[in-house]
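The residues making up each chain are set out below.
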Amino acid sequence: MILDGKAVSQKILEQVRKRVEAENIKAHLVVILVGEDSASKIYVKNKKIAAEKVGIKSTVIELPDSTTESELLDKIDKLNKDQDVTGILVQLPLPEHIDKNKIVQAISPKKDVDGFTPENVGKLAIGLEPYFYPATPQGIIMLLDEYKIPLEGADAVVIGRSNIVGRPIAQMLLRRNATVTIAHSYTKDLESKIKTADIVVSAVGKKVVRCKMVNRNSVIVDVGIFRGSNGKLTGDVDFDLVSPSVKYITPVPGGVGPMTIASLMYNASKVYH
Ligand code: NAP
């Protein structure tokens, strides 16, 4: 059965829109884009369209590639102090001369809609409530919950340990009382770990989950998105061969991608003063 991220994301966006309207939420998301990365431009455009859809004001600040680290830090400082701005998102990747960690750390945790600041990450890790959960992992949990997939006691394998997906989804599954294994490029015998898992979340960016690895009761969440050799967008999972052999699976595209946007808008509608 397909975990339909497209349909569920529409439902969540509609819930956010209704709440923003009913509670007269005055949210203002500022997205900073540095440089000319074409994929980043598309992501930023999609975020702006989604914000408009749900009634959240959004501003895109486009800065040239030549922007210095201190100029960017200055900009963030001003946005942190601006009462009208409730969410700040710096689109990654940044040009090489800018230290991503310094920039992320400069964002006020109360405006950190990506959930990437040390305060929000730290709270997630020690079991406190962060101001924001990172968008992609939160979107995955929303999707699993929508299909009432039990997390408590489930054996989950997370493939990938990035700060934006692997680590936080592992923390969030753990918080929901799943038993979590985190796999990465040094993991031995990934196949046997996947074979016995109830839930597999793959966030790698290359084909790692094949048909013979899964079991009939597996729930497969494919976070990966990249262009295959035929130029088409594809995920980490060999969808055509794996999908008939598992209980649930997300398609690529149309699975985790739209859930990430919906989850981000959910975050952007949260206002802390
Ligand atoms: P990343 O930072 O490149 O991390 C990839 C992870 O995969 C690393 O932890 C790496 O291990 C691990 N890995 C690499 N080869 C492996 C192998 N053969 N077996 C097991 N693990 C392996 O990636 P990311 O930023 O998390 O993104 C992962 C994918 O998700 C990409 O395709 C990205 O485009 C996609 N993505 C999609 C969304 C969405 O909304 N749909 C959001 C974010 C990311 P090491 O740590 O040992 O190097």
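Above this text is the structure in question.
Let us look at the structure shown here. Bear in mind that the values here come from a model prediction, so they are computed numbers and not experimental data.

Some remarks on the overall build of the protein chain
Thinking step 1. Across its full length, the protein chain carries 10 helices and 10 strands.
Thinking step 2. Over its C-alpha trace the protein chain gives a radius of gyration of 19 Å, about what one expects of a compact globule, namely 19 Å for 273 residues.
Thinking step 3. Based on the C-alpha atoms only, the size of the protein chain along its principal axes is roughly 55 × 45 × 40 Å.
Thinking step 4. Counting the 273 residues in the protein chain, one finds 50% classified as buried.
Thinking step 5. Taking contacts inside the protein chain between residues at least 6 apart in sequence as the whole, the part at least 24 apart equals 69%.
Thinking step 6. With the model as given, the accessible surface of the protein chain reaches about 13,500 Å², and the carbon-plus-sulfur share is 53%.
Thinking step 7. Side chains of the protein chain carry 37 positive and 32 negative charges; the gap between the two charge centres is 3 Å.

Observations concerning the site of the ligand
Thinking step 1. Near the ligand you find 21 residues, and of these Arg161, Ser162, Ser185, Ile225 and Thr260 are the closest.
Thinking step 2. In the model, an oxygen atom of the ligand is placed 2.5 Å from a nitrogen or oxygen of the Ser162 side chain.
Thinking step 3. Within the backbone of Val223, a nitrogen or oxygen atom sits 3.4 Å from an oxygen atom of the ligand.
Thinking step 4. For the ligand, the accessible surface in isolation is 930 Å², of which the surrounding protein chains cover 69%.
Thinking step 5. In this structure, the ligand is accommodated by the largest pocket.
Thinking step 6. No other element matches the 3 residues that helix α10 (residues 256-268) contributes to the shell around the ligand.
Thinking step 7. Of the residues assigned to the shell around the ligand, the class counts are 10 nonpolar, 9 polar and 2 charged.

Regarding the layout of surface pockets
Thinking step 1. The space that makes up the largest pocket amounts to roughly 1,700 Å³.
Thinking step 2. Together, 49 residues line the largest pocket, and Tyr43, Thr136, Ile225, Gly257 and Thr260 are the ones closest to its centre.
Thinking step 3. Looking at which element gives the most residues to the lining of the largest pocket, the answer is helix α2 (residues 38-54), with 10 residues.
Thinking step 4. Tallied by class, residues from the lining of the largest pocket come to 28 nonpolar, 14 polar and 7 charged.
Thinking step 5. In this structure, the second largest pocket is lined by 22 residues; those nearest its centre are Phe116, Val121, Asn163, Ile164 and Arg167.
Thinking step 6. The set of elements that each furnish at least two residues to the lining of the second largest pocket consists of α4 (100-106), α5 (118-125), α7 (166-175) and β5 (179-183).
Thinking step 7. Counting residues per element, the lining of the second largest pocket draws most heavily on α7, which supplies 5 residues.

Brief notes about the side chain of Gln91
Thinking step 1. Looking at the element boundaries, Gln91 is found in the loop between β3 (87-90) and α4.
Thinking step 2. Since its relative accessible area comes to 6%, Gln91 is described here as buried.
Thinking step 3. Only 2.7 Å separates the side chain of Gln91 from the side chain of Lys47, close enough to count as a polar contact.
Thinking step 4. For Gln91, the contacting residues outside a window of four places in its chain are Ile32, Leu33, Ser40, Tyr43, Val44 and Lys47.

Topic: empty space enclosed by the protein
The method is simple in principle: a probe with the dimensions of a water molecule rolls over the atoms, and the space it marks as empty is what remains.
Thinking step 1. Tallied over the entire structure, the rule returns 1 cavity of 30 Å³ or more.
Thinking step 2. Approximately 50 Å³ is the volume found for the largest cavity.
Thinking step 3. Along its surface, the largest cavity is lined by Ile88, Leu89, Val90, Leu92, Val104, Ile107, Asp112, Asp114 and Phe116.
Thinking step 4. Of the residues assigned to the lining of the largest cavity, the class counts are 7 nonpolar, no polar and 2 charged.

Quick look at helix α6 (residues 135-146)
Thinking step 1. Counted at 1.5 Å a residue, the expected span for α6 with its 12 residues is 16 Å, and the 16 Å between its end C-alpha atoms agrees.
Thinking step 2. Counting buried positions along α6 gives 10 out of 12 residues, so the element sits mostly inside the fold.
Thinking step 3. A positive phi of about 55° marks Lys148, the residue just after α6.

Notes on the packing of α5 against α7
Thinking step 1. Their axes nearest at 9 Å, the elements α5 and α7 cross at an angle of 35°. Along its contact with α5, which presents Lys123, Leu124 and Ala125, the element α7 presents Pro168, Gln171, Met172 and Arg175.
Thinking step 2. In terms of residue class, the contact of α5 with α7 is built from 4 nonpolar, 1 polar and 2 charged.

Some details on unusual backbone geometry
Thinking step 1. Across the junction of Leu92 and Pro93, the peptide omega takes the value 5°, indicating a cis bond.
Thinking step 2. Its location among the elements puts Pro93 in the loop between β3 and α4.
Thinking step 3. In this structure, Pro253 follows Val252 across a cis peptide bond, with omega equal to -5°.
Thinking step 4. Counting through the fold element by element, Pro253 comes out in the loop between β10 (248-249) and α10.
Thinking step 5. Of note in this structure, Asn24 is not a glycine but carries a positive phi near 50°.
Thinking step 6. Mapping Asn24 onto the fold places it in the loop between α1 (5-22) and β1 (28-34).
Thinking step 7. One non-glycine residue with positive phi stands out, namely Asn177, at about 70°.

Each value, and the rule that gives it
Residues numbered from 1 in each chain as written. Predicted model: local features only at pLDDT ≥ 70, side-chain atom pairs only at ≥ 80, totals over all residues. Heavy atoms only, no water. Helix = DSSP H or I, 4+ residues; strand = E, 2+ residues; numbered from the N terminus. Rg over C-alpha atoms; globule rule 2.2 N^0.38 Å. Buried < 20%, exposed > 50% of the residue type's maximum accessible area, 1.4 Å probe, protein only. Contact = heavy atoms within 4.5 Å. Areas by Shrake-Rupley, 256 points an atom, 1.4 Å probe, with all protein chains shown as cover. Lys, Arg positive; Asp, Glu negative; His and termini not counted. Charge placed at Lys NZ, Arg CZ, Asp CG, Glu CD. Near = heavy atom within 4 Å. Polar contact = N/O pair within 3.5 Å; in protein donor to acceptor, adjacent residues only side chain to side chain. 1 Å grid on protein atoms, 1.4 Å probe; cavity = no way out; pocket = protein on both sides within 12 Å on 5 of 7 lines; lining within 4 Å. Sits in = over half its atoms within 2 Å of the grid points. Nonpolar A, V, L, I, M, F, W, Y, C, P; charged D, E, K, R; others polar. Points joined across faces, edges and corners; volume = space filled by probe spheres on them. Expected span 1.5 Å × (residues − 1). Axes fitted to C-alpha atoms, helices over the stretch in contact; angles between N-to-C directions.

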